[in-house]
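# Structural description and commentary
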Amino acid sequence: GRWSAGSLQFDVVDDMSAGRDYVLSFEVRNPGAAQASPAVSVASSWGTSEAMEPDVRSLLAGIFEARPGDAAPLYVRTEQFFQADIGQTSPYPCAINVICITLQPSVPLSEAEGVTFSVSKLLNAEIANVGGVITVYNDSNVNTPAVAVKAAGADSVPGTADWDPRAAFATVTFTVACKIDAGEVVTLCLK
């Protein structure tokens, strides 16, 4: 087949029987942003065109939180966090405090796509940093760096994030350093 301007064109190279089902399959890359399934149609060289019925009933195997409609062609889910929690280890003044963020994305997040996310309004937080880069850990024991994220920049290493302490922002920005699957729960802790 030939792909041209949003249409797949193919030539029939053998006789086709009336009333028989024929299945054509091919791979495409979904767009990077959420979208509804477009209206797809089939047309022939003899001048007929017909709208195709999208599969809105099937539940796709291996898809986190699969639901009817996911199998409709070129439907792309909205990016969101099914879980987005934040907590701390100490409420006491001047105490060492570890802030932990737990996230569960609805879609895969990858370094190749340049995915970043931020946590803002961490007002009056004092986070040890070197040039605005902080260490991020997998748990509140702050023993193991969180390799799923890194600070921005080509020379950044996993287990880091960017810190902007300005009062209006007080923001930590994470860049995905390795694939985080849809439905995977990730904990990121700041000290």
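Everything here concerns the structure above.
Residues numbered from 1 in each chain as written. Predicted model: local features only at pLDDT ≥ 70, side-chain atom pairs only at ≥ 80, totals over all residues. Heavy atoms only, no water.

## Looking at the pattern of salt bridges
- Throughout the structure, instances matching the rule amount to 5 salt bridges.
- Among the ionic pairs, Asp11 bridges to Arg2, the shortest N-O distance being 3.3 Å.
- Of the residues examined, Asp11 reaches a relative accessible area of 53% and is grouped as exposed.
- The partner of Arg166 in a salt bridge is Asp164, with the nearest N and O atoms 2.5 Å apart. (Salt bridge = Lys/Arg side-chain N within 4 Å of Asp/Glu carboxyl O. Buried < 20%, exposed > 50% of the residue type's maximum accessible area, 1.4 Å probe, protein only.)

## Remarks on the state of the cysteines
- Considering all chains together, one arrives at 1 disulfide under this definition.
- The partner cysteine of Cys100 in its disulfide is Cys189, sulfur to sulfur 2.1 Å. Classification of the bridge connecting Cys100 and Cys189 rests on its S-S torsion, roughly 110°, and on that basis the disulfide is right-handed. On the criterion of sequence distance, the pair formed by Cys100 in strand β6 (residues 99-105) and Cys189 in strand β12 (residues 186-190) is long-range, its members being 89 residues apart.
- Of the residues examined, Cys100 reaches a relative accessible area of 16% and is grouped as buried.
- The cysteine Cys178 is free of any disulfide, with Cys189 supplying the nearest cysteine sulfur at 16 Å. (Disulfide = S-S within 2.5 Å. Helix = DSSP H or I, 4+ residues; strand = E, 2+ residues; numbered from the N terminus.)

## Things to note about empty space enclosed by the protein
- In this structure the tally under the stated criterion is 1 cavity of 30 Å³ or more.
- What lines the largest cavity is simply Phe81, Leu103, Pro105, Leu109, Phe117, Ile180 and Val186.
- Of the residues that constitute the lining of the largest cavity, the class distribution is 7 nonpolar, no polar and no charged. (1 Å grid on protein atoms, 1.4 Å probe; cavity = no way out; pocket = protein on both sides within 12 Å on 5 of 7 lines; lining within 4 Å. Points joined across faces, edges and corners; volume = space filled by probe spheres on them. Nonpolar A, V, L, I, M, F, W, Y, C, P; charged D, E, K, R; others polar.)

Don't take any of this as a statement about function, it's just geometry.
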